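Here are the chains, one letter per residue:
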Amino acid sequence: MQLVKVTVPHIGNTYLAVKALFNGLGIEYIMPEFNNKDALEIGAKYAPEEICLPFKIMLGNLIQSFKAGADTAIIPGSCGPCRYGEYCEIFKNTLKKMGCDIEIIVVDQPKDIGIKELLNRIGKISSESNKSRNEQLKAVYNAYKVTKLIDYIEGKSRYLAGYELEKGQFKKLLYDCKRDALACEKPLKMIEVLKKYKRSLKSIKIDKNRNPITISIIGEIYTILEPFSNLYVEDKLMDYGVSVKKEISPSWWVKDAALVPLKANSINIRRASKKYLPLYIGGHARECIGEAVLAEKNNMDGVIQIFPLGCMPEIVAKAILPKISKDKDFPIMSLVVDEMTGEAGYTTRIEAFIDLLERRKEKCII
Amino acid sequence: MRIGVPRGLLYYKYYPFINNFFNELGEEIVISQDTNRDILDLGVKFSVDDACLPVKIFHGHVASLKDKCDYVFIPRFMETDRGQSICPKFCGLPEMVKNSIPDMPKIITESIYGLSDKKLWDFSKKLGRKLNKNRKQIERAFIDSLNIQKSFDIGKNDKNYKVKIALVGHPYNIYDSFINMDIVKKLNEMNIGVITEEYVEKEDIDSEVNKLFKKPFWTFARNSYGFAAHVGHNKEVNGIIYISSFACGIDSVVIELIKDSLNDFPILVLKVDEQTGEAGVETRIEAFTDMLERRCS
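Being a predicted model, the structure only gives us computed values, none of them experimental.

Some words on the packing of helix H7 (residues 133-160) of chain A against helix H8 (residues 169-183) of chain A
Residues and elements named next belong to chain A. Here H7 crosses H8 at 165°, and the two axes come no closer than 9 Å. In this view, H7 runs roughly antiparallel relative to H8, as classed from their interaxial angle. Relative to H8, the crossing made by H7 is left-handed. Taken together, the residues of H8 that come into contact with H7 (itself represented by Ile150, Ile153, Glu154, Ser157 and Leu160) are Phe170, Leu173, Leu174, Cys177 and Ala181. Per-class residue counts for the contact of H7 with H8 are eight nonpolar, one polar and one charged.

Focus on the domain arrangement of chain B
Residues and elements named next belong to chain B. For chain B, the assigned domains read domain 1 (2-151) and domain 2 (163-296). When each unit is reduced to the centre of its C-alpha atoms, the spacing between domain 1 and domain 2 is 26 Å. Residue-level contacts link 21 residues of domain 1 with 20 residues of domain 2. For the side of domain 1 that touches domain 2, the elements supplying multiple residues, two or more each, are helix H1 (11-24), helix H2 (37-46) and helix H3 (53-65). Among the elements that take part in the side of domain 1 that touches domain 2, H3 stands out by supplying four residues, more than any other. The class makeup of the residues in the side of domain 1 that touches domain 2 is eleven nonpolar, seven polar and three charged.

Overview of the interface of chain B and chain A
The interface is formed by 28 residues belonging to chain B together with 34 residues belonging to chain A. Of the residues in the side of chain B that touches chain A, the class split is 15 nonpolar, seven polar and six charged.

A word on the environment of Trp218 of chain B
All names here are of chain B. Within the secondary structure, Trp218 sits in the loop between helix H10 (202-209) and helix H11 (219-233). Given 24 C-beta atoms within 10 Å, Trp218 falls into the buried group. Along the primary structure Trp218 and Lys66 are separated by 152 residues, whereas in three dimensions their C-alpha atoms are 31 Å apart.

Regarding helix H16 (residues 343-361) of chain A
With 19 residues, H16 of chain A should cover 27 Å at 1.5 Å per step; its first-to-last C-alpha distance of 27 Å lies within 8% of that length. The positive-phi residue at the C-terminal boundary of H16 of chain A is Glu362 of chain A, with phi of around 60°.

Re the nonpolar core
Formed by 179 residues in total, the largest nonpolar core has its most connected members in Leu194 and Ala292 of chain A together with Ala166 of chain B. Both domains that furnish three or more residues to this core are identified here as domain 1 (2-151) and domain 2 (163-296) of chain B. Sequence-distant contacts of Ala166 of chain B, that is, excluding residues within four places in its chain, are made with Ile195, Phe227, Ala228, Val231, Val237 and Ile240 of chain B.

Considering unusual backbone geometry
Within the chain, Asp329 of chain A stands out as a residue other than glycine whose phi angle is a positive 50°. Among the secondary structure elements, Asp329 of chain A is positioned in the loop between helix H15 (312-328) and strand E8 (332-337). You can call Asp329 of chain A exposed: it has 8 C-beta atoms within 10 Å. Backbone geometry places Ala247 of chain B, a non-glycine residue, at a positive phi of 65°. Relative to the helices and strands, Ala247 of chain B is located in the loop between strand E9 (239-245) and helix H12 (249-262).

Points about the sheet that holds strand E2 (residues 28-29) of chain A
Sheet strands pair via backbone hydrogen bonds, and the direction of the pair is either parallel or antiparallel. Residue and element names in this part refer to chain A. Judged by pairing direction, the sheet is parallel, and its four strands sit side by side in the order E2-E1-E3-E4 without closing on themselves. Either end of the sheet is taken by a strand with one partner, and the two such strands are E2 and strand E4 (103-107). Alignment of strand E3 (residues 72-76) against E4, held across five bridges, turns out to be parallel. Note on E4: the bridge partner recorded for Ile75 is Val106. Sheet contacts for helix H4 (residues 87-98): E3 and E4; angle to E4, the most-contacted strand, approximately 180°.

Let's talk about the pairing of E9 of chain B
Residue and element names in this part refer to chain B. A large share of E9 lies buried, amounting to seven of its seven residues. Here E9 shows a buried face lined by Gly239, Ile241, Ile243 and Ser245 and a second buried face lined by Ile240, Tyr242 and Ser244. Sheet analysis places strand E7 (residues 163-169) next to E9, joined by five bridges and oriented parallel. Bridge pairing in E9 links Gly169 to Ile243. Strand direction decides the pairing type here: E9 and strand E10 (residues 267-272), joined by six bridges, are parallel. Opposite Ile243, over in E10, you have Leu270 as the bridge partner. Between the parallel pair E9 and E10, the chain is carried across by H12, and the sense of this crossover is right-handed.

Thoughts on the UniProt feature "domain: DUF2229" (unreviewed entry) in chain B
Taken from the UniProt record, the annotation "domain: DUF2229" (unreviewed entry) applies to residues 2-199 of chain B. Taken end to end, residues 2-199 of chain B has its terminal C-alpha atoms 36 Å apart, with 46% of it in helix and 15% in strand.

So, the pairing of E8 of chain A
As paired strands, strand E7 (residues 302-308) of chain A and E8 of chain A are joined by six bridges and run parallel to one another. Bridging from a neighbouring strand, Ile306 of chain A pairs with Leu335 of chain A of E8 of chain A.

With respect to the confidence of the model for chain B
The pLDDT averaged across chain B works out to 90; a share of 100% of its residues lies at or above 70. Confidence metrics for the complex model read pTM 0.91 and ipTM 0.89.

Looking at the packing of H7 of chain A against helix H12 (residues 250-259) of chain A
Residues and elements named next belong to chain A. Orientation of H7 relative to H12, taken along the N-to-C sense of each, is 130°, at an axis distance of 8 Å. As summarised for this structure, H7 and H12 are arranged oblique, according to the angle between their axes. Contacts from Tyr144, Thr147, Lys148 and Asp151 of H7 reach H12 at Pro250, Ser251 and Val254. For the contact of H7 with H12, a count of residues per class yields three nonpolar, two polar and two charged.

What counts, and where the lines are drawn
Residues numbered from 1 in each chain as written. Chains lettered and ligands numbered in written order. Predicted model: local features only at pLDDT ≥ 70, side-chain atom pairs only at ≥ 80, totals over all residues. Axes fitted to C-alpha atoms, helices over the stretch in contact; angles between N-to-C directions. Helix = DSSP H or I, 4+ residues; strand = E, 2+ residues; numbered from the N terminus. Parallel < 35°, antiparallel > 145°, perpendicular 65-115°, else oblique. Left-handed = near helix turned anticlockwise from the far one by under 90°. Contact = placed C-beta atoms within 7 Å. Nonpolar A, V, L, I, M, F, W, Y, C, P; charged D, E, K, R; others polar. Domains from an automatic or database assignment. Buried ≥ 20, exposed ≤ 12 C-beta atoms within 10 Å, placed from the backbone. Expected span 1.5 Å × (residues − 1). Core = buried A, V, L, I, M, F, W, Y, C linked by C-beta atoms within 7 Å. Pairing = 2+ DSSP bridges. Right-handed = clockwise from strand over helix to strand, strands pointing away. UniProt positions renumbered as here; feature names shortened; annotations may be inferred. pLDDT = per-residue confidence, 0-100.

Here you go:
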């Protein structure tokens, strides 16, 4: 039997969990290169002109992985109304036209393709694994644990960065943590390393009396999770000594998806968004509105919304946000990213926004 | 009580139903003018700048109505069939309008979860209740309106032209002659016939769509793709003109699918937005039709 080499496009920190998962399953995993200008350039070259930024970057990932030897790609699917659900069809066509012979397995929700088809598709992957059913489940569990840990570490260190006594320590810890975790071969070892870094979060000295600027980041899930696509906005804010909060993370997504059948998912967001957008309209527009309202309620100083050019659900959200901003006297800025986004202009806008928040607080931090 | 009905988006497809429904319930309706420059300017002024042209124009229609009526009717298309939707902007349309245009009169809105008779009845029942009508009145108005809608045919299928093209795109781009700069008339004047998606059997559309790996979950995508692929494969037309609004998320996918499916069949994609100049569009159409004529002769 020929062994498959699996690849999965990058979305934020999920590569750690994916690595843990395939290691646990005993399947060879080829991680795409970390997102870089090349991936985007290749992606933008072959992708349809008006498709959104996540597609272009993900296509770049897949092509680079194919060149590195991958022959199967796994892509999570959805069924609209956001165009993410159509990605797989265009991936298939584009890659075929380019001569990349790579099999694409789409993991859709069971209600759209039927549970049988889903099991069939998952079966294609799990049949490659020579581990017992028990070990396979264990691998999935470990991967979830990795996601939770890295999300916790990332969230905490981004938030506490505004309070640190010596500048740059949390950023260093975060990057060390990601590097060391990626170097681990065995999932259990990875969890151990992550736990170690989780403990060492506490050893960094913070000044609790400080009152830093706090910003909540909301918007389209890919562009806020994948730092390359938003031009490392969180790192920039960290350098300015701003506390950043972000509700949405891969572990949030897993929890949310699992609770949907019980209608118990993100109750606080649904309640907060009721006045402005009472229905789910696709994508994460409702979450975006809810989080903006919650951020104001939690006394954050401002909100930054990030989405790729032409993102349909977020445009609806963008139309509603100014109203929230006006009703509650609360600063909200929308940033639109695509492959043409220039870093200088982007940074200027963020700096201007922070200046504004600063003046509202009447103190200077930069 | 005067109800304002904006002449935008899917009004072009469903106006017989909605006009008759309100009329039979004894409400006075005010319909906005045909789209024109002023309405477009109003729309651009009020709407969020990332929105597409048709949505901006819809905002313009609502803005032009806001001082002329007591209520504005804005339907919310959640689904057109099970698992079939339109665009997220249609789901959030009432919110977009409400939060973008200041001093709005009250909005009458109701969600539509399907275009089958039963789902439309659910929609009409709720809508009628909001207007304080009793069940009997609503039922009568609904049945009449539905019959009128069913006998209404907006599509176009020209005969007796040597060269024929398929006009593909969202209904409001095809039937709003301001958005598309009266392309049907222009083509007819150039002695070119036009066919629209209403003239292709549903089975033909389905059979083309079923060839796809992933079934499109947008109604427009389904119709546009199925129609274009069907007429292209069967050579029922000489070329295809696709009218697409700039930055339309659905079209970015569909156009790609059509191009993949039809390979080197002649396709002209006309992008429209609020800056589109008429001369440029004309030149492109002329060049395209010249090319078709040379291929045909």
